[in-house]
Amino acid sequence: MKTKTFLLLPAVWVITCLLLSLVAPARAGRIILDITSPDFRKMPMAIPSLVNKSHPDRATETGREMAALLVKGLEFHGFLKAIPASSYNDRQDARWQDLGVDYVLLGQYRMEGTRLVLELRLLNIIEGTMVFGKRYTGEMNRQDEMLLKFCDEVIKELTGEPGISRSRIAFVSDASGKKEIYVADVLGLKVRQITRHGTLAISPRFSPSGRYLAYTSYHHGNPDLYVTDLTQGSTTRAISRRRGLNLAPAWSPDGRTMVITLSKDGNPDLYLMDTRGHILRRLTVNAGINVSPTWSPDGRRIAFVSDRSGRPQIYIMDMVTFQVTRLTYQGEENAEPNWSPKGDYIAFSGYYEGNYHIFIIRPEGGPATRLTRYWGGHESPSWSPDGRQIAFTRRRNGKDEICAIFKNGAGLRPLFKLKGQQSYPQWSPR
């Protein structure tokens, strides 16, 4: 028997209730990739070890590591598949036509003092042409950044839209013994702890530029809102310390304002405020509990969650007329909306057959599409900056981890292998 109540709702809704009681148009020469097509096949690609120009006659561990990172960065996008290097003896002069690959990525590197020089080329084996080549120069500690920049350039050449291998994900982790905010690159190579409050921190939200991260922390005994400048290390300032909830800020697309849940007057309602914490307008007035705002990419609408109909459902507010319409009708409980950066879908978590699952729905309404079809809870969806993938929290056997899935429901996999539990992901802009 289904006995779910507000106390069992996911993410922000849980905290609120407890406190109260995948392609852009292609240019000529570019292929059009539709990974949602049922007959889509991943394109085979070869990425042999990079060659040290100072010692071209022998393989190096550095060259193998560079190639491995290129494989990770490209395969992350879901439509390229690197064939094993052992199938061509990890040579750059293999007979590629005989191996049936579509593309080959060849690279060389050399040191100039303390600086690394990378030369990378993408070859189209089917057409017998070089698609493009790039040279990067930088300090050794920028090696990964240069390699992943090339990955994003490859994706742009193939699809017309830059890749996302250098994007980041903010999340909550209890690795330190307390739930704090962390940020990691999408490949899980570099993980950075943002808060060190020694208490509960939740709801990380990137600014549109990716420079700032807003979050809610309880380290003064009240859920207050803070913003950290990610380029300045520990530069953090309080935005709102009003009594009660200061929760789940949603940055406007221009970065000038936020929509936030405040309960300073008793009821949790949505407010529009500037980035200094000044309230510009109250958006909802005592119409049930109102949480989890998310902006449309054009800044004309927000989606949010309200229980004004008796159960939490998703609503749309026009930010010009401030009129509200209900979006979701399927299922008893729908929460945590997240608007796609392309504007075509809203992802959300909905209760279905005893667990929460990830759904997507058109902003205009209609039937929702369920993406996750596996056991366990699936909550807190967040779109990738290219609008092709969704990160979310998967809960199994009391263990929370961050996973990703493509918007056609394929390719579900964990993103990180980290100590402790991770939850509430938020994907950064590019």
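The notes below deal with the structure included here. Bear in mind the structure is a predicted one, so any value in this text is a computation, not a measurement.

## Description of helix H2 (residues 61-75)
Within an α-helix, residues lying three or four positions from one another point in the same direction, as the helix has 3.6 residues per turn. In this model, H2 (15 residues) spans 21 Å end to end at C-alpha, consistent with the 21 Å of a helix rising 1.5 Å per residue. Considered for burial, the residues of H2 that qualify are Gly63, Met66, Ala67, Leu69, Leu70, Gly73 and Leu74. For H2, the angular spread of the buried residues around the axis is 160°, confining them to a single face. Those residues of H2 that are buried lie in contact with strand S1 (43-46), strand S3 (80-82), strand S4 (103-112), strand S5 (115-124) and helix H4 (143-159).

## Topic: the environment of isoleucine 260
With respect to the element layout, isoleucine 260 can be found in strand S15 (residues 257-262). By relative accessible area, isoleucine 260 is classed as buried at 0%. In this structure, the C-alpha to C-alpha distance between isoleucine 260 and valine 291, residues 31 residues apart in sequence, is 7.8 Å. With residues near it in sequence (within four places) discarded, isoleucine 260 still touches Leu225, Asn246, Leu247, Ala248, Pro249, Asp269, Leu270, Tyr271 and Met273.

## Quick look at the sheet that holds strand S17 (residues 279-282)
Strand pairs in the sheet, formed through backbone hydrogen bonds, run parallel or antiparallel to each other. Here we have four strands laid out as an open sheet, ordered S14-S15-S16-S17, and antiparallel in their pairing. In this open sheet, the two strands that pair with only one neighbour each are strand S14 (246-251) and S17. When strand polarity is set aside, the average angle formed by the axes of neighbouring strands in this sheet is 30°.

## Side note on the side chain of asparagine 290
Summarising the element assignment, asparagine 290 is placed in strand S18 (residues 290-295). Take asparagine 290: its relative accessible area is 0%, and that puts it in the buried class. Contact partners of asparagine 290, with chain neighbours within four places excluded, come to Thr261, Asn267, Pro268, Asp269, Leu270, Thr284, Phe304, Val305, Ser306 and Arg308.

## Here we look at the nonpolar core
Counting 42 residues, the largest nonpolar core has Leu50, Leu70, Leu74, Leu105 and Leu118 as its most contacted members. For this core, the element with the most residues is H4, which contributes eight residues. Ile316, Ala335, Phe348 and Ile361 belong to the second-largest nonpolar core, a separate cluster that totals 14 residues.

## Quick word on the environment of glutamate 61
Along the chain, the position of glutamate 61 falls in helix H2. In the structure, glutamate 61 is positioned 115 residues away from serine 176 in sequence and 33 Å away in space, judged by C-alpha atoms.

## Things to note about the sheet that holds S18
In space, the four strands of this open sheet follow the order S18-S19-S20-S21, with antiparallel pairing throughout. Looking at which strands have only one partner, the edges of the open sheet turn out to be S18 and strand S21 (324-326). Here the strands of the sheet are splayed against their neighbours by 30° on average, with no regard to which way each runs. Relative to S21, strand S20 (residues 313-318) runs antiparallel, the two being bridged by three bridges. Across the sheet, residue tyrosine 315 finds its bridge partner in S21, namely arginine 326.

## Notes on the packing of aromatic side chains
Within the structure shown, the criterion is met by 11 aromatic pairs. On the numbers, 6.2 Å between centres and 65° between planes, the contact of phenylalanine 76 with tryptophan 427 is edge-to-face. Linking phenylalanine 76 in the loop between H2 and S3 with tryptophan 427 in strand S30 (residues 422-427), this pair joins segments that are 351 residues apart in sequence. Accessibility assignment for this pair places phenylalanine 76 and tryptophan 427 in one class, buried. Ring geometry for tyrosine 215 against tyrosine 226: centres 5.9 Å apart, planes inclined by 20°, an arrangement best described as stacked.

## Quick look at the pattern of salt bridges
Pairs can form between side chains of opposite charge once their charged atoms are near each other. The tally for this structure, following the rule as stated, stands at 23 salt bridges. Glutamate 145 is the partner of arginine 142 in a salt bridge, and the nearest nitrogen-oxygen pair spans 3.4 Å. You can call arginine 142 partly exposed: its relative accessible area is 35%. For aspartate 265, the salt bridge is made with arginine 282, and the minimal N-O distance between the two is 3.6 Å. Linking aspartate 265 in the loop between S15 and strand S16 (269-274) with arginine 282 in strand S17, this pair joins segments that are 17 residues apart in sequence. Among the charged side chains, a salt-bridge network with shared partners connects Lys53, Arg110, Glu112, Glu119 and Arg135.

## Let's talk about unusual backbone geometry
Even without a glycine there, the phi angle at glutamate 336 is positive, about 55°. Mapped onto the elements of the fold, glutamate 336 is located in strand S22 (residues 334-339). On the accessibility criterion, glutamate 336 (8% relative accessible area) is buried. Residues other than glycine seldom take positive phi values, yet asparagine 397 does so here, at roughly 50°. The residue asparagine 397 is located in the loop between strand S27 (389-396) and strand S28 (399-406) in this model.

## Brief notes about the environment of alanine 170
With respect to the helices and strands, the residue alanine 170 is situated in strand S7 (residues 168-173). Exposure remark for alanine 170: the relative accessible area of 0% places this residue in the buried category. The spacing of alanine 170 and glutamine 422 is 252 residues in sequence and 9.9 Å in space, taken between C-alpha atoms. In this structure, alanine 170 is in contact with Tyr182, Val183, Pro204, Phe206, Leu213, Tyr424, Pro425 and Gln426, ignoring residues within four places of it in sequence.

Analysis parameters
Residues numbered from 1 in each chain as written. Predicted model: local features only at pLDDT ≥ 70, side-chain atom pairs only at ≥ 80, totals over all residues. Heavy atoms only, no water. Helix = DSSP H or I, 4+ residues; strand = E, 2+ residues; numbered from the N terminus. Expected span 1.5 Å × (residues − 1). Buried < 20%, exposed > 50% of the residue type's maximum accessible area, 1.4 Å probe, protein only. Arc of directions from axis to C-beta. Contact = heavy atoms within 4.5 Å. Pairing = 2+ DSSP bridges. Axes fitted to C-alpha atoms, helices over the stretch in contact; angles between N-to-C directions. Core = buried A, V, L, I, M, F, W, Y, C linked by side-chain atoms within 4.5 Å. Phe/Tyr/Trp six-rings, centres within 6.5 Å; stacked < 30°, edge-to-face > 60°. Salt bridge = Lys/Arg side-chain N within 4 Å of Asp/Glu carboxyl O.

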